[in-house]
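What follows is each chain in one-letter form.
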Amino acid sequence: MSGWKRDLPIGLVVLAALIAAPAFGLPRFWITTVTVFFIWATVVSQWNLVFGVAGIFSLAQMAIFAIGGYTTAMMGLYLEWSLWLALPVSGLLAVVFGAVVGLACLRLTGAYVALLTLAIAYILFLLIVTDTDCVYYEGTVCRSLTEGWKGLGRYGDYGFRDLFGRDFHLGNYGLALAVLTLATLFSFAIVRSPMGLAFRALRDNPGYAVSRGVSRFKYQLLVFALSAFFTGLAGSVYAGVFSVIGPNVLQLGLLLFLLSMMVVGGVGRPWGPLIGAALLMLVDETLKEEAFAGYRNIGLGLILAAVVVLLPQGLAGGIDNLARRLARRGGGAPGE
Amino acid sequence: MNADPVPLLRCRGVSKYFGALAAVKSLSFDVAAGEALGIGGPNGAGKTTLFEVISGLNPADEGSIELEGAAIERVAPATVCHRGIARTFQFNAGFDTLSVRENVLVSAHFGRRNRAWPGLAHDRATGELADRALELVGMTERAGHMVRDLPVFHRKLLMMASAMATEPRLLLMDEPVGGLNPGEIDRMMEIVLGLREQGVTIILIEHVMRFLVQLSDRVLIMHHGESIYEGSPRGLTRDARVIEVYLGEGMAKRLRDAMAGGDGGG
Ligand SMILES: Nc1ncnc2c1ncn2[C@@H]1O[C@H](COP(=O)(O)OP(=O)(O)OP(=O)(O)O)[C@@H](O)[C@H]1O
Ligand SMILES: [Mg+2]
């Protein structure tokens, strides 16, 4: 368990800095951007459990996210629930959905898992954008269950406008940071528990793992279900922060952006998702500037290619190797 | 050896087909508790397939397999492991990106019984079991090494330690010394003798005849999926059929001489 001794202090310093940042005058624009970073980092940290730790090439993560987001929106809109009540329900429904996806993938391996999960996400996308049956009329305007392309809105928010007035974005920042913190702790705890051992064993050699008593059925289902909870919560937070959720969260571009975060950070590395998400968000925001117009996708693509070629274990892997080399040169014990 | 009416393992009419090929063909044999059964036979005789069938990784098409009277021929491989059958593999298997100790921990934590909930940490007894298994094969010093980087001999030792960490009642070893040098074979022989002294029941597949003959109470020779000889290691070297399809006159004579000399060099 020596990993915690290194990671806990680092985590606490980062957390303290993120809590203090708004007080030290982080501009409003950046507070909103960092809030979005918190949401994507949450998604990637859980995706990493399935994709990196368990080695299952699932691309269903944004579908799970959408389930969480739409659940929150619909509960707010149709049941007039407080979003705070909808939050845990969204997480739990995401878990059920995640488990079903896991069940569907049970007999598949490798690229076939990627194909099936992508198909599931695409079906969800199509179901939403083709949803035009009126469930009720507002005046003469036909409203469908999911509002199709337009997406859902006017279901309220997390109440931060009433609480903080024009500083409501600080509430969103705090909520998203809290969810990311819990999600990160959760993923670290899972990776270092016997469950993490089972996931990694199945990833390395499923036949051998099974013959050592690890049930593939159980642990594959478990990793899908567990990683879905915080993904669903992230979807719910997203819905609350943006006050609108639409099928755009299911688009391929976003999925690939998040996948790049995982690859750049380091697939299967506990810190990878945070490092990758931070770097790519930063680069993306920079390249959005007028001066770089047209270079956004090229820039992101170049970074991804550079990391894949030069640092196959991602930035987290590169940092680990560097630290080990420095420790060795300094005569210190090569820590685990 | 016949004191116990219910043998530890009982196979009756076990067959496994790959298309038209009968890799294992109505094979029947018993293994008593505490016994070591050696299995030999030419390449492609069906030895590994028999292990696949017993361990549940590739279930039998026909026949029954019982562990202490309980049917296991339709039981999932993870459950077969929980029931007490552990196995090593002809082709070195391992969890490549895990450390040596983590490899053994998988067995110690998941291999002994079904865990409804895997828990957030393994208990002290599990850790100690893993450490004892590594000690058994003399790999304590390499506990922190990544398995990917291990040489062949250490991979074989690790497979053995992993199998023993499941606390098996029956240990199946598939060519534990295949590809090893004489010094390494001697080391492996010491380890297996140690297990025998502990009373572990063993089924052992091996082409290295001196290893097979020295460690087995009884030998079974397979050919085209069938048993062509079952009996003492000594009788093996005089059996015309075994000499014809497997040993050859030269090897049979060398084994006879070695056994007469009280030592199985060859
Ligand atoms: N999965 C499989 N599919 C098709 N045929 C197979 C399969 N596994 C084994 N066989 C065939 O079954 C026969 C028995 O193979 P097996 O591996 O059991 O032999 P073996 O006695 O272990 O040989 P060796 O001494 O070379 O290890 C061979 O003819 C082999 O080609
Ligand atoms: Mg074989």
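Bear in mind that the values here come from a model prediction, so they are computed numbers and not experimental data. Numbering of residues starts from 1 in each chain and follows the order in which that chain's sequence is written. Ligands are numbered from 1 and chains lettered from A, in the order in which they are written. Per-residue local features of the predicted model are confined to residues with pLDDT of at least 70, and side-chain atom pairs are confined, for both listing and counting, to 80 or more; whole-chain, interface and lining totals are unaffected and use all residues. Side-chain calculation: all heavy atoms of the structure are included, whereas hydrogens and water are not.

Caption draft 1: Quick peek at the site of ligand 1. All names here are of chain B. A cutoff of 4 Å decides nearness: a residue is near a molecule or strand if any of its heavy atoms lies inside that distance of it. Taken together, 14 residues sit near ligand 1, with Asn-43, Lys-47, Thr-48, Thr-49 and His-207 positioned nearest. A distance of 2.7 Å separates an oxygen atom of ligand 1 from a polar atom in the side chain of Thr-48. Areas reported as accessible are Shrake-Rupley estimates using a 1.4 Å probe. Residue values count occlusion only from the protein chains shown. Alone, ligand 1 offers 640 Å² of accessible surface; in the complex the protein occludes 63% of this. Here a helix means four or more residues in a row that DSSP labels H or I, a strand means two or more in a row labelled E, and each is numbered from the N terminus. Within the residue set of the shell around ligand 1, elements represented by two or more residues are strand S2 (21-31) and helix H1 (47-54). Considering every element that reaches the shell around ligand 1, the biggest residue donor is H1, with three residues. Looking at the shell around ligand 1 residue by residue, the class counts come to five nonpolar, seven polar and two charged. Polar contact criterion, stated in full: a pair of N or O atoms within 3.5 Å, where within protein one must be able to donate a hydrogen and the other to accept it, and residues adjacent in sequence count only if both atoms are side-chain atoms. The nonpolar class holds Ala, Val, Leu, Ile, Met, Phe, Trp, Tyr, Cys and Pro. Asp, Glu, Lys and Arg form the charged class, and all remaining residues, Gly among them, are polar.

Caption draft 2: Up close: the coordination of the magnesium ion (ligand 2). Residues and elements named next belong to chain B. Looking at the magnesium ion (ligand 2), the protein donor atoms are Thr-48 (OG1) and Gln-90 (OE1), and they sit 1.9 to 2.1 Å from it. Residue Thr-48 is found in helix H1, and its partner Gln-90 is found in the loop between strand S6 (85-87) and helix H3 (100-110); the two are separated by 42 residues along the sequence. For every residue, the accessible area (1.4 Å probe, protein chains only) is compared with the maximum for its type, and the residue is labelled buried under 20%, exposed over 50%, or partly exposed between those bounds. For Gln-90, a relative accessible area of 26% puts it in the partly exposed group. Nitrogen, oxygen and sulfur within 2.8 Å of a metal are treated as its donors, or within 3.2 Å for sodium, potassium and calcium (Na, K, Ca); water is not counted, so a site can appear incomplete.

Caption draft 3: Here's a closer look at the pattern of salt bridges. Residues and elements named next belong to chain B. Think of a salt bridge as a Lys or Arg side-chain nitrogen and an Asp or Glu carboxyl oxygen that are within 4 Å of each other. In the structure shown here, the tally under the stated rule is 26 salt bridges over all chains. Among the salt bridges present, the one from Asp-217 reaches Arg-196, with a minimum N-O distance of 2.8 Å. A residue pair is termed long-range when its members are at least 10 positions apart, and Asp-217 in the loop between helix H7 (209-215) and strand S9 (218-223) and Arg-196 in helix H6 (residues 182-197) qualify at 21 residues.

Caption draft 4: Spatial organisation of the interface of chain A and chain B. Any two residues whose heavy atoms approach within 4.5 Å at even a single point are treated as in contact. At the junction of the two partners, chain A supplies 22 residues and chain B supplies 36 residues. Approximately 2,200 Å² of surface area, both sides summed, lies buried where chain A meets chain B, with 66% of it carried by carbon and sulfur atoms. For the pair chain A and chain B, the number of links is one salt bridge. A salt bridge links Glu102(B) to Arg200(A), with the shortest nitrogen-to-oxygen separation between them at 3.1 Å. At the surface where chain A touches chain B, the tally comes to eleven residue pairs in polar contact (both at pLDDT 80 or more). Among the elements of the structure, helix H8 (194-204), helix H9 (206-211) and helix H10 (216-242) of chain A are those that each provide at least two residues to the side of chain A that touches chain B. Partitioned by chemical class, the residues of the side of chain A that touches chain B number eleven nonpolar, six polar and five charged. Using a 1.4 Å probe, buried area is obtained as the accessible area two parts lose upon being combined, added over both of them.

Caption draft 5: Region of interest: the sheet that holds strand S5 (residues 70-71) of chain B. All names here are of chain B. Any two strands with at least two DSSP-identified bridges between them are counted as paired. Strand order in the open sheet made by the four strands is S2-S1-S4-S5, with antiparallel pairing throughout. Edge strands, defined here as strands with exactly one partner in the open sheet, are S2 and S5. Here strand S1 (residues 9-18) runs beside strand S4 (residues 62-67); their pairing, made up of five bridges, is antiparallel. By the bridge assignment for S4, Cys-11 is matched with Ile-65.

Caption draft 6: Summary view of unusual backbone geometry. For Glu147(A), which is not glycine, the phi dihedral falls at a positive 65°. Note on placement: Glu147(A) falls in the loop between strand S2 (141-144) and strand S3 (152-153). In this structure, His224(B) takes a positive phi of about 50° despite not being glycine. Summarising the element assignment, His224(B) is placed in the loop between S9 and strand S10 (226-231).

Caption draft 7: Representation of the pairing of S2(A). Residue and element names in this part refer to chain A. The pairing of strand S1 (residues 134-138) with S2 spans four bridges and is classified as antiparallel. When the bridges of S2 are listed, Tyr-136 appears paired with Arg-143. The antiparallel pairing of S1 with S2 creates a hairpin that spans two residues between the two strands, and Gly-139 there sits at a positive phi of about 65°.

Caption draft 8: Highlighting the environment of Thr140(B). Mapped onto the secondary structure, Thr140(B) falls in the loop between helix H4 (124-136) and helix H5 (152-164). Excluding anything up to four places from it in sequence, Thr140(B) contacts Leu134(B) and Glu135(B).

Caption draft 9: Highlighting a nonpolar patch on the surface. Each patch is assembled from residues with relative accessible area greater than 30% and no salt bridge, linking like charges that lie within 9 Å and nonpolar side chains (Val, Leu, Ile, Met, Phe, Trp, Tyr) that lie within 5 Å. Residues Tyr78(A), Leu79(A), Trp81(A), Leu85(A), Val135(A) and Leu145(A) make up a contiguous nonpolar surface patch of about 530 Å² in total accessible area. Along the chain, Leu85(A) turns up in helix H4 (residues 83-104).

Caption draft 10: Spotlight on the state of the cysteines. Put simply, a disulfide is two cysteine sulfurs that come within 2.5 Å. Counted according to the given criterion, the structure contains one disulfide over all chains. Each disulfide pairs two cysteine sulfurs, and for Cys134(A) the partner residue is Cys142(A), the sulfurs being separated by 2.0 Å. A torsion of -110° about the S-S bond marks the disulfide between Cys134(A) and Cys142(A) as left-handed. With no disulfide of its own, Cys11(B) has Cys81(B) as its nearest cysteine by sulfur position, at a separation of 18 Å. A relative accessible area of 0% places Cys11(B) in the buried class.

Limitation: the analysis is restricted to geometry and does not speak to function.
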